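# Fold and geometry: a report
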Amino acid sequence: MSRKDKTPKISQKNQEQKKTPTTQVGEQTQLLDSLKAAARRSGFYLQRSVQEGKLSDSIKQAGEMLNGLRSSSLSPKNYYDLYLFVSDELRYFGLLLRESIKKEPIASIIYRDVQFTSRIIPRLYLLITAGAVVIENNPKKTREILLDLLEMCKGVPHPTRGLFLRHYLSQMTKDLLPDISESEKGSKNGNEKEIEKEIEKEPKNQKSNENENKNEKKNENKNVKIKKEESKTENNKNLQGNENEDKKNNVLPWMISINFTIQNLIEMNKLWIRIQHQKLPGNISKLERVSSRIKLTEERKDLCSLVGTNLVRLSQLDSVTLEVYKERVLPILLEQIEQCGDKIAQSYLTEAIILVFPDEYHIHTLPDLFSILPNLHQEVNIKNIIILLIERLINFANNNPKSIENTFLITQIFSKGISSITRKRTSLPRIHLLSILNGLMKLSLCLHPQRIDFINHMLSSCVKSIAIQKKLTKDEINEILSILSTPLDFYNDLNILVQLENYSMLIDTLPNENRRIISLKFLENGLNTLTIVSSPKKVSKLLEITKVLFLDSKDSISENEEDENLKSLFFREQYTVCRFIHLLRSENIAKSFKILQIIADTFSSGGTRRIKITIPPLVFSALQLANGIRQLEKEKKKILNNNNKENKDHDNLEDIGLSAKKIFEFIHKIMTSLTKLLPLKSLKLFLQCALASDKCNFEPIAYEFMTKAILVYNDHLKDPKTQYQMINYISSTLQTLRAFHPDNYSLLCNQCGGYSAKLNIAPHQVRAIVTCSYLFLSIIKQPLNIAYKEIKEKIEIQDEKNKNKKIVKVEKVKKIIEYKRPSNEPVLLYFIDVKRLLGCISRAIRVAGSLMEPSLLFELLIEILNTCLYFFELDSGAVNSSFINTLLDLILQKKSENESNWKQLLTKPIYNFYYLTFKHIKLCKKNKETKRLFKPIKIEKILKDFLK
Amino acid sequence: MSFFTSKGLCTIGIELTNTQDRPIKVVKRNKKKKNLYVFSSKDTISGVVEIKATKKRKKLEHIGIELKLCGVLESSLDSGINTDLVSSVKKLATAGTLSDRKWQFSFPEFNMPQESYDGVNTSIHYYVKVTIKRNYAVNIKQEKEFCVRNLDPKIPKSVPIKMEVGIEDFLHIDFTFPKSVYHLNDVILGRINYYLAKINLKYMQIAIIKREVFRASEETFTEKKTLCTFEVMDGAPVKGESIPVRFFLENLKISPTYRKIAKRFSVRYYLTLFLIDEREKRYFKQNEIIFYRKSILKIDEK
């Protein structure tokens, strides 16, 4: 190398450094292009020399071509580009070498001659090329050449150039590395099989002495090992012509490959790291320095695959068995990783090892892997590494179920490893620890889902890690949410989840809004999976876990009424709660009741906002339970009646002191808080309760509920429209109740009538009164109703005795009327009071008559007519034909009064209503069954009117 | 047999015998390639001299014919004065008239301790020289050069070379070469160990430097020539690293090391290591290495 041709380059480089970075990109491509052009030129001459078979000339040309790779000015990416180009051209040179070596045995001469090249970069590229050819030609030399190449490559400590040089070394030798070949494997297996056969034979021959047998077996096993090794070496000798030296050192050919690759990896790693520490030119500003450092790091990361290739190569070697990996490969790699102390290299290599080698290997070397993690550079993202490992293992476990033996051990290793990491790495960010714990939890769930204690333990670790007084970041919160969701999504069973003692503790660490999110998710999970939680204990735990939904807490966000989002979220939560409580029930009535009580307790402190929404479903839930109990009680009574022997269930029920009554009491209690808050709803609920208790035949309770309903109506309802609606509700509910003593019934009817009459708006009043009229002719319609059945039985008995009596007393309490229409099946009447019925109708007509609006009056009259027709058709005697006729006349009269503007007044629906009513009467007159009844009804006038 | 005309008066042919299987060394003389037979000390130099008178009509008078075998140290530095290292003269004829004639000659087991050498300013050449002495006219001369190569009878004692380069707190490097003595086709093997390298080195090379020292009557001339440079390292090493050096001498035009030939001439070789840092500043260290001859010809001379 003469100094003269060195200088221009240097001056050129100095110039480049002075230039601003903006022009660098263009310069780079320009430089790359010119270097490529030069290489192409030399490549051309090289090809010519190759074709002419001139070895020394081609060495010269190849060296010339390789000079481009000496450039310091190219960015790593461009350097790689050039490298690819040049190494491709070098193949021609390899071809020539291969030809020459065939002609005469001048292997050593080739290997020597390329070393005359005075510049080190070209020299070593040529040396590697030649070395590969020599090995190819004479595998005996593998070890010698590989070691020499490794040694000589030390001459290039320049990071980028050294890295590529060694990459070239790795590329050129990849197909030449001795490995355990297929045939060897086969023979190995063959040997093993034979030996196995021998072992099998033995015990058969010597059945008498078992102990001896065992000992011999052990010995045999040892022998097998020895034999295996022997056979290996023999094979190697045959196939590879192992060198004496190797034998002495006990180095098997495949060990050379492993050592070589590892060594190269180590060196490449060192060079790779060194890129980071390259000194920057001194004449640049601080800002430039920072930016070029960043650029350097980026460029360096791009080169990682060069280092990683070696790991891939290792993993591809068949000779790297689990044993070899564990004993000879991994320890060295780990030591290297630990020692290099570079964060990028440490994380890249660790991750690469995890990715490249089979998961099975990792399972067996977990403690080794974990041993280095705490010692890695503080900035290495341990989390990513562990999570990667966990993901791989989970994946492996899922794809190969049952293949992992000691699952428990694996989790333990992880757990220990992580705790030692947290001990040693004080800088481990909390978020990372949380992610790791999350991953570990997933792993634990995957490997041994039955170990809930593990999950619980990890939750506790999470809680501990958060214990440090520091506000949670957004990411941390998300991670905690993920941690909390992990077992939820996995088990999909709240019954298991409530066993996690620490779950609620972890939830408590979250801010209010996130607690709400996860609690909601919790409940939704239950709803989606329809998991029934039937133990009171579990229920109270569940409520503890999700308490944020039920209770106000210190950090509750003050609800801004105008914030629609918050509002809708709140409602969504509460409605979910409503749906959810129906999942909390048991087959066991006592437990169910207990559960209801627990829920009620929790709800009661939830504030009015919540109670408004949550109490109704609780009431319904309780009503359902009451109904269930009632059913049971009945059945038991029956059994008792039929068979007076002891009945266990019944006893149990009594022991607990539970009866439907108690539940109604319970309902009554929780309802009281609601009346003021939510009068309308509580009114409806009272009615509902009345219905339910009526079905259970609890007259006093039903009466109480009805009274409450009316009380609410009286105290809290002021809006006329609502009043009208509610009084309708009350009266129609009342009409269906069947457990009342007629006196009580009539009392309630009076109240209904009274409130109806007090309505402020006349049409409302009319309609409400009309509705009330039904109360006085109450028909038992539901044949399946329990109350009905009871009654019917009694009726039948009574009927036999007093066939002519129409009113039958039942059990002294109830009055039941069987009314037999002459033409029809008997109708069961529950209550009849003709006088008051007619009173209602008359009052309705009177009030309607006072209305000033003819069309409304007309409409109301038709409605009244319809009601009357209903009573008439029942043939109850309450309404007779003359009443109907009078009403018809009244209608006609009102119509004629307004004849002039009739068509304007009458809207089509009203007219249709009128017409259909008329048509109905007409039909009834023709109908065989009703012909007789309807005969006195006079419709001629109306007919005439219509014909007009 | 070669014939040379001297001023058209006669031709003198000198032919060396006993040249079968002798190696031939190709040299350049006056831009012409010449093949020289290679002899060693204590070889018998024998041959035939044949003189033919070209112009037979004119008689050529001479005062005697001499045959001289000599080894000459020639230098352009000391006003062209040559020093005979060895010489031996044989008289072929006494004064008389020249006639066509042949003489056989032989210098048995002639002692030629110094090898032939072609240097920058100084060289050593061996000749067989025929001189026809004349009284009033210029002597007629003819010479035949041959080459002398001596295998070193005893190999100089080799000591390991260890050179340290150090700048306090900045640089501490040592070079170790197990041998200081190499034969001409040898390989220089060595290592460079880095203990401390705060200086950002860019590359490192070794150079073989030849130093010819000629002591003229009044002053001493030294001629340095860098025979080659050889890059051994690219980039900056890291503490604790050790870089291998392997350098083949085969392609190099070198002679054995000569010391104090005729008390005035020596050829020495030095192994020099250059460290070049980012600012092109050079650090170097050099150490003499001794070359000796193991075979008559270097491999590349075949």
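For chain B, the name recorded in an unreviewed UniProt entry is Vacuolar protein sorting-associated protein, with Anaeramoeba flamelloides as its organism.

As recorded in an unreviewed UniProt entry, chain A goes by Vacuolar protein sorting-associated protein 35 and comes from Anaeramoeba flamelloides. Check the Subcellular location (unreviewed entry) section of the UniProt entry for chain A; it says "Membrane". What the UniProt record of chain A gives under Sequence similarities (unreviewed entry) is the line "Belongs to the VPS35 family."

### Observations concerning the overall build of chain A
Tallying secondary structure elements over chain A gives 44 helices and four strands in all. Scored against the burial criterion, the 948 residues of chain A give a buried share of 51%. A separation of at least 24 residues holds for 75% of the contacts in chain A among residues at least 6 apart in sequence.

### Points about the interface of chain B and chain A
Contacts between chain B and chain A engage 27 residues on the former and 27 residues on the latter. The junction of chain B with chain A conceals about 2,500 Å² of combined surface from both sides, 47% of it contributed by carbon and sulfur atoms. When the buried surface of chain B facing chain A is broken down by residue, Glu231(B), Asp234(B) and Arg246(B) rank first, second and third, together holding 27% of it. In this structure, the connection of chain B to chain A is made through five salt bridges. Applying the counting rule to chain B against chain A returns 11 residue pairs in polar contact (both at pLDDT 80 or more). When contributions to the side of chain B that touches chain A are tallied by element, the ones reaching two or more residues are strand S16 (201-215), strand S17 (220-234) and strand S18 (242-248) of chain B. The element best represented in the side of chain B that touches chain A is S17(B), accounting for six residues. In terms of residue class, the side of chain B that touches chain A is built from 10 nonpolar, six polar and 11 charged.

### So, the pattern of salt bridges
Counted under the stated rule, the structure contains 39 salt bridges over all chains. With a shortest N-O distance of 2.2 Å, Arg246(B) and Asp148(A) are connected by a salt bridge. Taken as a pair, Arg246(B) in strand S18 and Asp148(A) in helix H7 (residues 142-152) lie in two separate chains rather than in one. Each of the two residues, Arg246(B) as well as Asp148(A), counts as buried. Ionic pairing is found between Lys133(B) and Glu66(B), a salt bridge with its closest N-O pair at 2.6 Å. Highlighted residues: Lys133(B) in strand S10 (residues 122-133) and Glu66(B) in strand S6 (residues 61-75), separated in sequence by 67 residues. Judged by its relative accessible area of 16%, Glu66(B) falls in the buried class. In the salt-bridge network here, residues are joined through shared partners; they are Arg112(A), Asp113(A) and Glu250(B).

### A few points about the environment of Leu163(A)
Residue and element names in this part refer to chain A. Examined against the element boundaries, leucine 163 turns out to sit in helix H8 (residues 159-173). By relative accessible area, leucine 163 is classed as buried at 0%. Sequence spacing of leucine 163 and leucine 271 is 108 residues, and the spatial spacing of their C-alpha atoms is 6.0 Å.

### Structural notes on the nonpolar core
Phe414(A), Tyr503(A), Phe664(A) and Ile667(A) are the most contacted members of the largest nonpolar core, which has 276 residues in total. If you tally residues by element for this core, the top one is helix H12 (residues 253-276) of chain A, at 13 residues. Not counting residues up to four positions away in its chain, the partners in contact with Phe414(A) are Leu366(A), Phe370(A), Ile386(A), Leu389(A), Ile390(A), Leu393(A), Leu440(A) and Leu443(A). Leu16(B), Leu171(B), Ala216(B) and Phe265(B) belong to the second-largest nonpolar core, a separate cluster that totals 73 residues.

### Describing the environment of Leu777(A)
Residue and element names in this part refer to chain A. Note on placement: leucine 777 falls in strand S1 (residues 777-779). The class of leucine 777 is buried, set by a relative accessible area of 0%. Separated by 55 residues in the primary sequence, leucine 777 and isoleucine 832 place their C-alpha atoms 4.5 Å from one another.

### Overview of the packing of aromatic side chains
All names here are of chain A. Tallied over the full model, the rule gives 38 aromatic pairs over all chains. Arranged with centres 6.1 Å apart and planes meeting at 15°, the rings of tyrosine 80 and tyrosine 83 form a pair that is stacked. Highlighted residues: tyrosine 80 and tyrosine 83, both in helix H4 (residues 76-103), separated by three residues, approximately one helical turn. Classification of tyrosine 83 by relative accessible area gives buried; the value is 3%. The interplanar angle of 85° and the centroid separation of 6.3 Å between the aromatic rings of tyrosine 83 and tyrosine 168 together place this pair among those described as edge-to-face.

### Some remarks on the pairing of S16(B)
Residue and element names in this part refer to chain B. Counting buried positions along S16 yields 12 of 15 residues, so the element is predominantly enclosed. Where S16 meets strand S20 (residues 265-277), 13 bridges bridge the pair, whose relative direction is antiparallel. If you follow phenylalanine 214 over to S20, its bridge partner there is phenylalanine 265. Adjacent in sequence and paired antiparallel, S16 and S17 are bridged by four residues.

### Let's talk about the side chain of Gln723(A)
Relative to the assigned elements, Gln723(A) resides in helix H34 (residues 720-736). According to the relative accessible area criterion, Gln723(A) is buried, its value standing at 15%.

### So, the confidence of the model for chain A
Residues and elements named next belong to chain A. In the predicted model, chain A carries a mean pLDDT of 78, and the fraction of residues at 70 or more is 80%. Ranking the helices and strands of chain A by mean pLDDT puts H8 first, with 91, and helix H1 (residues 7-18) last, with 36. Below pLDDT 50 for its whole length, residues 185-248 participates in 52 contacts with residues either more than four positions away or in separate chains. Taken as a whole, residues 782-816 scores under 50 in pLDDT and shows 45 contacts with residues more than four places along the chain or in a different chain.

### Some thoughts on the packing of helix H38 (residues 834-849) of chain A against helix H39 (residues 854-873) of chain A
Residue and element names in this part refer to chain A. Put simply, H38 and H39 touch, their axes get as near as 9 Å, and they point 165° apart. Relative to H39, H38 is oriented roughly antiparallel. Like other packed secondary-structure pairs, H38 and H39 cross with a definite hand, here left-handed. Across the interface between the two elements, Leu837, Ile841, Ala844, Ile845, Ala848 and Gly849 of H38 pack against Leu857, Leu860, Leu861, Ile864, Thr867, Cys868 and Phe871 of H39. Partitioned by chemical class, the residues of the contact of H38 with H39 number 11 nonpolar, two polar and no charged.

### Topic: a nonpolar patch on the surface
A contiguous nonpolar patch, built from Tyr911(A), Tyr915(A) and Leu916(A) and spanning about 290 Å² of accessible area, is present on the exposed surface. For Tyr911(A), the position within the fold is in helix H42 (residues 908-926).

### Quick notes on the state of the cysteines
Covalent bonding between the sulfur atoms of two cysteines defines a disulfide. All names here are of chain A. Applying the stated criterion across every chain yields a total of zero disulfides over all chains. Not engaged in a disulfide, the cysteine cysteine 772 finds its nearest cysteine sulfur in cysteine 752; these two sulfurs lie 5.1 Å apart. What makes cysteine 772 buried here is its relative accessible area of 0%.

### Notes on helix H33 (residues 699-716) of chain A
Since there are 3.6 residues in each turn of an α-helix, residues three or four apart along the chain are aligned in direction. With 18 residues, H33(A) should cover 26 Å at 1.5 Å per step; its first-to-last C-alpha distance of 25 Å lies within 8% of that length. Looking at the packing, one finds that the buried side of H33(A) touches helix H31 (660-677), helix H32 (679-695), H34 and helix H35 (742-757) of chain A.

### Quick word on the sheet that holds strand S15 (residues 187-197) of chain B
The strands making up a sheet associate through backbone hydrogen bonding, with each pair oriented either parallel or antiparallel. Residue and element names in this part refer to chain B. Across the sheet, four strands lie side by side as S12-S13-S15-S18; this open sheet has antiparallel pairing. At either margin of the open sheet sits one strand with a lone partner, and together these are strand S12 (161-167) and S18. Ignoring strand direction, the axes of neighbouring strands in this sheet form an average angle of 15°. Sheet analysis places S12 next to strand S13 (residues 171-177), joined by seven bridges and oriented antiparallel. Bridged to lysine 162 within S13 is threonine 176.

The rules behind the values
Residues numbered from 1 in each chain as written. Chains lettered and ligands numbered in written order. Predicted model: local features only at pLDDT ≥ 70, side-chain atom pairs only at ≥ 80, totals over all residues. Heavy atoms only, no water. UniProt positions renumbered as here; feature names shortened; annotations may be inferred. Helix = DSSP H or I, 4+ residues; strand = E, 2+ residues; numbered from the N terminus. Buried < 20%, exposed > 50% of the residue type's maximum accessible area, 1.4 Å probe, protein only. Contact = heavy atoms within 4.5 Å. Buried area = accessible area lost by both parts, 1.4 Å probe. Salt bridge = Lys/Arg side-chain N within 4 Å of Asp/Glu carboxyl O. Polar contact = N/O pair within 3.5 Å; in protein donor to acceptor, adjacent residues only side chain to side chain. Nonpolar A, V, L, I, M, F, W, Y, C, P; charged D, E, K, R; others polar. Core = buried A, V, L, I, M, F, W, Y, C linked by side-chain atoms within 4.5 Å. Phe/Tyr/Trp six-rings, centres within 6.5 Å; stacked < 30°, edge-to-face > 60°. Pairing = 2+ DSSP bridges. pLDDT = per-residue confidence, 0-100. Axes fitted to C-alpha atoms, helices over the stretch in contact; angles between N-to-C directions. Parallel < 35°, antiparallel > 145°, perpendicular 65-115°, else oblique. Left-handed = near helix turned anticlockwise from the far one by under 90°. Patch = residues over 30% accessible without salt bridge, like charges linked within 9 Å, V, L, I, M, F, W, Y side chains within 5 Å. Areas by Shrake-Rupley, 256 points an atom, 1.4 Å probe, with all protein chains shown as cover. Disulfide = S-S within 2.5 Å. Expected span 1.5 Å × (residues − 1).

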